[in-house]
Amino acid sequence: MIVSRIRRQPGGDWAMLRRMVLREEWLRRPRGRLKVLLALAAVLPAVEATIFAVLGFQAVRGLAPQVTAVWPYGTYHELRWLFVYHRTIPGFLLAFVGISALRGVLTAAFASLAWPTTVPRPSWRWLLRRNIWIAILTALILSPWAALSMAFATTGLSWYLIASLLPLLVLAPFLLRAGVVAGWWRGLPRIRLVGWAWLNFAVLTGAGALLALVPLWWGVPLAALCGVVNGLLWRQSVAVAVTPGRTRWRLVPVTPLLIVLLVLMFPAIQPLAGNLQGGRAGWRPPIVTEPLPDSVPYAVIALAGHDSEYDGAPAVDPRVERFSYRGLDEQDRPLPYTALDTHRSLGNSAATLAEQVEALHQRTNRPVALLGHSEGAMVARTYLENWPSTEVEAVLLFSPLVMPGRAYYPPAEITRGWGVMAGWQLRVLQTFWNVTDESDEEPDQEFIRSLLADAPFYRNRTLCPVPGVRMVAFLPTVTALEAPPGEYHRIPVYELPALHGGLIDRADVADLVLDFLSGESVQRSQVQYEVLQRFGAPWQPPPLALVINPVWKAGREADPAFTGRICEAR
């Protein structure tokens, strides 16, 4: 066919004919197709890693290998970029379709090059059509979980990140078949296909951790090497998916049923996370229920976290008070409050804390120490920023939010701004959550909006020292998944295996609290913390650059996403 087409042309170019014939014969050979597959799989991650190196974008180094990953990790890679970096809803929708179509073309090429010689290969046109519409469908299926990762980037809570990844792992073996098998939605995937899909997740996690460890420009050849591994995984995955064999439950629409089940599980995510973190009621850590030793020179205010409640019961020791998000009564005693009261902005809560600090100092004639848990830790840190010279001389931060505000979305009444579509997806997801959750959470509550508005400060200075104040942060191990690669603290930290909020009630930690309040040094960093920090980096959404958001441009802070450092001079 090629020869006859060129012969019909006047003065046919026989050199061109020879190149075309050789190219076609080369691609027909398994070895030739493998070389092209590996080259294509390596070049694209190297290009993305080069862009990161040119920009100095430290925080996203671990994402580059995912460009050529097998289904559906490549789609998840693009969705997280798109949810963070878009400004209008029409622009998001156009980019959504366009990026999904490009992903379909790329996966069609990978599938064609990876197709085993023992199985008849369909036409390129069939593969292209199929992979484009499957890419769009996959993006639609994964978009709620990508939006959930945006909630992680906003609050820095690791359970959002974990909840966004579990469905990805469950769906990966099912979606991997979609681009190459007609009846992909029926039956269970073979165990070997499950293994290859999960192996690619492990490879991407390990590669991302390694990229987070090396200098930016070293990441270019390393990303290319990871791409070669992706190409080999494409070859094995496609071979397993298309090779004839027995399929369990082959008449059952397993994939649609699984997707529906995962969607129906959405309302249970937030209440389950709340229970794992100790629930909202009955927050009475040892500092409240036990008397302080005489060696403690401070009066103490204990600040509970988000959705906590307080019935007004006093602490056992008169030198200790619970912080009230509602403020003080006429006798300067903390008022009872409900979970809804914790939804106030951090600035307003810090102002309320300032009044309570003053009242407690006047009553006890002692310097004041603050013990803040989760949101309470953020209130304490905001207070130190806004009232740097007060009676507070010691601060203990339990499970503070590490670098929150890495993404942005505008308030509901604003139709243009970075992450506008992500904001609406989060509002829809929150509607599902509120079916079973009694706290009436919403993405636009004052607490969340204050994190977003003051993101440059919270990204940079949550764990920075304050002159004249003794500080320590107690960090659960799971916090390591929340911090992007790079520096995340410059105050003493004590790291222990636990979930978010799981440290403050422990007896061994209570002893450490008393040691710190008595003037002793408390600090312990664990090597595995930094290891987990790097392993979590490939699955975090890319942070929105501080310099491009008009809401943040007036700030005085550097961007840790590019510098890899915090607490930089203003």
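Our subject is the structure listed above.
This section reports on the structure supplied with the text. (Residues numbered from 1 in each chain as written. Predicted model: local features only at pLDDT ≥ 70, side-chain atom pairs only at ≥ 80, totals over all residues. Heavy atoms only, no water.)

1. Let's talk about the overall build of the protein chain
Reasoning step 1: Check the secondary structure of the protein chain and you find 20 helices and six strands.
Reasoning step 2: For 570 residues, the compact-globule formula gives about 25 Å, and the C-alpha radius of gyration of the protein chain, at 27 Å, lands near that figure.
Reasoning step 3: Relative to its full complement of 570 residues, the protein chain shows a buried share of 57%.
Reasoning step 4: Considering only intrachain contacts with a sequence separation of at least 6, the fraction spanning at least 24 residues in the protein chain is 77%.
Reasoning step 5: As presented, the protein chain carries roughly 23900 Å² of accessible surface, and 62% of it is formed by carbon and sulfur atoms.
Reasoning step 6: Positive and negative side-chain charges of the protein chain, numbering 52 and 43 respectively, have mean locations separated by a distance of 24 Å. (Helix = DSSP H or I, 4+ residues; strand = E, 2+ residues; numbered from the N terminus. Rg over C-alpha atoms; globule rule 2.2 N^0.38 Å. Buried < 20%, exposed > 50% of the residue type's maximum accessible area, 1.4 Å probe, protein only. Contact = heavy atoms within 4.5 Å. Areas by Shrake-Rupley, 256 points an atom, 1.4 Å probe, with all protein chains shown as cover. Lys, Arg positive; Asp, Glu negative; His and termini not counted. Charge placed at Lys NZ, Arg CZ, Asp CG, Glu CD.)

2. A closer look at the packing of aromatic side chains
Reasoning step 1: Applying the stated criterion across every chain yields a total of 21 aromatic pairs.
Reasoning step 2: These aromatic residues form a ring-pair network of at least three members: Phe 52, Phe 57, Trp 81, Tyr 85, Trp 418 and Phe 562.
Reasoning step 3: Here Arg 427 stacks its cationic end above the ring of Trp 424, 4.6 Å away from the centre of that ring.
Reasoning step 4: Across from the ring centre of Phe 516, 4.1 Å away, lies the NZ or CZ of Arg 470, which sits over that ring. (Phe/Tyr/Trp six-rings, centres within 6.5 Å; stacked < 30°, edge-to-face > 60°. Lys NZ or Arg CZ within 6 Å of the ring centre and 35° of its normal.)

3. Points about the pattern of salt bridges
Reasoning step 1: In total, this model carries 13 salt bridges according to the counting rule given.
Reasoning step 2: A salt bridge links Arg 449 to Asp 444; the shortest N-O distance between them is 3.0 Å.
Reasoning step 3: With relative accessibility at 15%, the residue Arg 449 sits in the buried group.
Reasoning step 4: The exposure class assigned to Asp 444 is partly exposed, which follows from its relative accessible area of 21%.
Reasoning step 5: Residues Arg 490 and Glu 568 are paired through a salt bridge, measuring 3.5 Å at the closest nitrogen-oxygen approach. Of this pair, Arg 490 sits in the loop between strand S5 (470-476) and strand S6 (493-496) while Glu 568 sits in the segment after helix H20 (560-563), placing them 78 residues apart in sequence.
Reasoning step 6: The structure contains a network of salt bridges with shared partners spanning Glu 487, Arg 490, Arg 565 and Glu 568. (Salt bridge = Lys/Arg side-chain N within 4 Å of Asp/Glu carboxyl O.)

4. Let's talk about the sheet that holds S5
Reasoning step 1: Reading across the sheet, the six strands line up as S2-S1-S3-S4-S5-S6 and stay open at both edges, with parallel pairing between neighbours. With partners counted over all chains shown, the strands left at the sheet margins are strand S2 (320-322) and S6, one partner each. With strand direction ignored, the average angle separating the axes of adjacent strands in the sheet is 15°.
Reasoning step 2: By the bridge criterion, five bridges tie strand S1 (residues 299-303) to strand S3 (residues 368-373) in an arrangement that is parallel. The residue bridging Val 300 from the neighbouring strand is Ala 369, located in S3.
Reasoning step 3: Packed on one face of the sheet, helix H13 (residues 346-364) meets S1, S2, S3 and strand S4 (392-398) and runs near 155° to S1. (Pairing = 2+ DSSP bridges. Axes fitted to C-alpha atoms, helices over the stretch in contact; angles between N-to-C directions.)

5. Looking at the state of the cysteines
Reasoning step 1: Within this structure, the stated rule accounts for one disulfide.
Reasoning step 2: The partner cysteine of Cys 464 in its disulfide is Cys 567, sulfur to sulfur 1.8 Å. Because the torsion about its S-S bond is -100°, the bridge between Cys 464 and Cys 567 counts as left-handed. Residue Cys 464 is found in the loop between helix H17 (455-461) and S5, and its partner Cys 567 is found in the segment after H20; the two are separated by 103 residues along the sequence. (Disulfide = S-S within 2.5 Å.)

6. Comments concerning the side chain of His 489
Reasoning step 1: Examined against the element boundaries, His 489 turns out to sit in the loop between S5 and S6.
Reasoning step 2: Of note is the side chain of His 489, whose polar atom sits 2.9 Å from the backbone oxygen of Ile 491.
Reasoning step 3: Those residues in contact with His 489 that lie beyond four places of it in its chain are Leu 463, Ser 525 and Ile 566. (Polar contact = N/O pair within 3.5 Å; in protein donor to acceptor, adjacent residues only side chain to side chain.)

7. As for the pairing of S1
Reasoning step 1: Buried residues dominate S1, accounting for five of its five residues.
Reasoning step 2: Side chains of S1 alternate between two faces, with Ala 299, Ile 301 and Leu 303 and Val 300 and Ala 302 buried alike.
Reasoning step 3: The pairing of S1 with S2 spans three bridges and is parallel. From the neighbouring strand, Ile 301 faces S2, where its bridge partner is Glu 321.

8. Some words on a nonpolar patch on the surface
Reasoning step 1: The grouping of Val 43, Val 47, Ile 51 and Leu 55 at the surface amounts to a nonpolar patch, some 350 Å² of accessible area in total.
Reasoning step 2: By the element assignment, Val 47 lies in helix H3 (residues 30-55). (Patch = residues over 30% accessible without salt bridge, like charges linked within 9 Å, V, L, I, M, F, W, Y side chains within 5 Å.)

9. Considerations on the nonpolar core
Reasoning step 1: Grouped together as the largest cluster of nonpolar side chains are 156 residues, with contacts concentrated most on Tyr 73, Ile 287, Leu 370, Phe 474 and Leu 517.
Reasoning step 2: For this core, the element with the most residues is helix H6 (residues 124-155), which contributes 14 residues.
Reasoning step 3: If we ignore the near neighbours within four places in the chain, the residues touching Leu 370 are Ile 301, Leu 303, Leu 353, Val 357, Ala 380, Tyr 383, Val 392, Ala 394, Val 395 and Leu 396. (Core = buried A, V, L, I, M, F, W, Y, C linked by side-chain atoms within 4.5 Å.)

10. Quick look at helix H4 (residues 73-84)
Helical geometry note: an α-helix holds 3.6 residues per turn, so side chains three or four residues apart project in the same direction.
Reasoning step 1: With 12 residues, H4 should cover 16 Å at 1.5 Å per step; its first-to-last C-alpha distance of 17 Å lies within 8% of that length.
Reasoning step 2: A large share of H4 lies buried, amounting to 12 of its 12 residues.
Reasoning step 3: On its buried face, H4 is in contact with H3, helix H5 (89-114), H6, helix H7 (158-176), helix H8 (191-213) and helix H15 (420-433). (Expected span 1.5 Å × (residues − 1).)

11. A look at unusual backbone geometry
Reasoning step 1: That bond from Trp 71 to Pro 72 is cis: its omega, -10°, falls within 30 degrees of zero.
Reasoning step 2: Within the element layout of this structure, Pro 72 appears in the loop between H3 and H4.
Reasoning step 3: One non-glycine residue, Ser 374, lies in the positive phi region at around 55°.
Reasoning step 4: Residue classification places Ser 374 among the buried positions, given a relative accessible area of 10%.

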